[in-house]
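# A closer look at the structure
What follows is each chain in one-letter form.
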Amino acid sequence: MLKILIIVTNTGKYASGKLETGLWLSELTHIYHAAKEEGYEITIASPNGGNVHVDPESLKRFTLDKISKEYWNDPFFRGLLKHSRNLERVSTQEFDLVYLAGGHGTMYDFPGDSVMQNLIQNQYESGKIVAAICHGVGGLLNVRLSGGEYLIKNKVLTGFNWFEESLAGRKKEVPFNLEAALKNRGAKYKKAMIPMTSKVVVDGNLITGQNPFSSKKMAKVVMSELSKRQHK
């Protein structure tokens, strides 16, 4: 049975304290649903463990798709979000996939997390899949490989872009410009022709998705890549 680790944020507010943020729900539910359908073992962990704040914007009618709504209304799933595993405690386990779910909250607790960085480095260098979607891609920014180079240097990838930040009305709230930060690390950043539409990029065992609207395709691509490796 394949083992999957999904990492989510613990941050529930922007630094200004004016607005709530957290995990973007669909960026968890689609990968969770796809893995569950395959019978994979799923662990949901966060930097501190415990309660996972969900961005209220991701629960609005326009953004709460059918799958996300079903899970949000499921007491067992809600229980998983209240009692996420502590990342450090599960970091010594082996996983076939490490997946960084997004949401603006990740911009605060993902980039500087050394436990996450070591886990991703080991996962990537062992040839296993590392995937990240939307703002979760920020968790890759400071990951260095054994030779000292940044993991994302010269990698083709995507993530939430600065124009989309403007459309989301969060330019003044976010702690940094994710698109610019990825490019500054030497990543070959790609984005969809039309903002807020699906884009998934595969570069070896690194898979990235641009925004919440990529959640469904991201889950499909990740499952397909896992399946290919399983049947090699």
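In case you missed it, the structure is sitting above this.
Attention in this report is confined to the structure presented alongside it. None of the values given here were measured: they were computed from a predicted structure.

## Remarks on the overall build of the protein chain
- Scanning the protein chain for helices and strands turns up nine helices and nine strands.
- Its C-alpha radius of gyration of 16 Å places the protein chain within 12% of the 17 Å reference for a compact globule of 232 residues.
- With respect to the three principal axes, the spread of C-alpha positions in the protein chain is 45 × 40 × 35 Å.
- Among the 232 residues that make up the protein chain, the fraction classed as buried is 53%.
- Sequence separation of at least 24 residues holds for 77% of the intrachain contacts in the protein chain that already meet a minimum separation of 6.
- Roughly 10600 Å² of accessible area belongs to the protein chain as shown, and the carbon and sulfur atoms make up 50% of that amount.

## Some thoughts on the pattern of salt bridges
- Inspection of the entire model under this criterion finds eight salt bridges.
- The salt bridge involving E57 is made with K60; its shortest N-O contact spans 3.1 Å.
- Residue class for K60 comes out partly exposed when judged on its relative accessible area of 44%.
- Across the salt bridge formed by E179 and K183, the nearest N and O atoms sit 2.9 Å from each other. Taken as a pair, E179 and K183 lie in helix α8 (residues 178-184) at a separation of four residues, close to a single helical turn.

## Examining helix α9 (residues 215-230)
- Look at α9: 22 Å from first C-alpha to last across 16 residues, which is about the 22 Å you get at 1.5 Å a residue.
- The inward-facing, buried residues of α9 abut β1 (3-7), α1 (26-37), β4 (97-100), β5 (129-133), β8 (200-203) and β9 (206-209).

## Details of the sheet that holds β9
- Strand order in the open sheet made by the seven strands is β3-β2-β1-β4-β5-β9-β8, with mixed pairing throughout. Only two strands of the sheet have a single neighbouring strand rather than two, namely β3 (85-86) and β8.
- Strand direction decides the pairing type here: β8 and β9, joined by four bridges, are antiparallel. Each residue of the ladder has a partner; that of D203, found in β9, is L206.
- Lying over the sheet, α1 contacts β1, β2 (41-46), β4 and β5, oriented at roughly 155 degrees with respect to β2.

## Examining the packing of aromatic side chains
- By the definition in use, this model includes four aromatic pairs.
- With 6.3 Å between their ring centres and 55 degrees between their planes, F62 and F213 make a pair best called tilted. Highlighted residues: F62 in the loop between β2 and α2 (66-72) and F213 in the loop between β9 and α9, separated in sequence by 151 residues.
- Judged by its relative accessible area of 37%, F213 is partly exposed.
- When the centroid spacing of 5.1 Å and the interplanar angle of 55 degrees are considered together, the rings of Y71 and F77 count as tilted.
- Note on F77: relative accessible area 0%, which makes it buried.

## Looking at α1
- With 12 residues, α1 extends 16 Å between its outermost C-alpha atoms, agreeing within 8% with the 16 Å of an ideal straight helix rising 1.5 Å per residue.
- With respect to burial, α1 is a largely interior element, nine of its 12 residues being buried.
- Taken together, the buried positions of α1 are S26, E27, L28, T29, H30, I31, Y32, A34 and A35.
- Just beyond α1, the residue with positive phi is G39, at close to 80 degrees.

## Comments concerning the side chain of T43
- Mapped onto the fold, T43 is located in strand β2.
- Take T43: its relative accessible area is 7%, and that puts it in the buried class.
- Among residues more than four places away in sequence, those in contact with T43 are I4, L5, I6, R85, V90 and F95.

## Considerations on the pairing of β4
- The two faces of β4 match: L97 and Y99 on one face and V98 and L100 on the other face are all buried.
- The pairing of β1 with β4 spans four bridges and is classified as parallel. Among the inter-strand pairings, I7 is bridged to a residue of β4, identified as L100.
- Pairing of β4 with β5, which is carried by four bridges, proceeds in the parallel orientation. Its bridge partner lying in β5, Y99 is registered against A131.

Conventions we followed
- Residues numbered from 1 in each chain as written.
- Predicted model: local features only at pLDDT ≥ 70, side-chain atom pairs only at ≥ 80, totals over all residues.
- Heavy atoms only, no water.
- Helix = DSSP H or I, 4+ residues; strand = E, 2+ residues; numbered from the N terminus.
- Rg over C-alpha atoms; globule rule 2.2 N^0.38 Å.
- Buried < 20%, exposed > 50% of the residue type's maximum accessible area, 1.4 Å probe, protein only.
- Contact = heavy atoms within 4.5 Å.
- Areas by Shrake-Rupley, 256 points an atom, 1.4 Å probe, with all protein chains shown as cover.
- Salt bridge = Lys/Arg side-chain N within 4 Å of Asp/Glu carboxyl O.
- Expected span 1.5 Å × (residues − 1).
- Pairing = 2+ DSSP bridges.
- Axes fitted to C-alpha atoms, helices over the stretch in contact; angles between N-to-C directions.
- Phe/Tyr/Trp six-rings, centres within 6.5 Å; stacked < 30°, edge-to-face > 60°.

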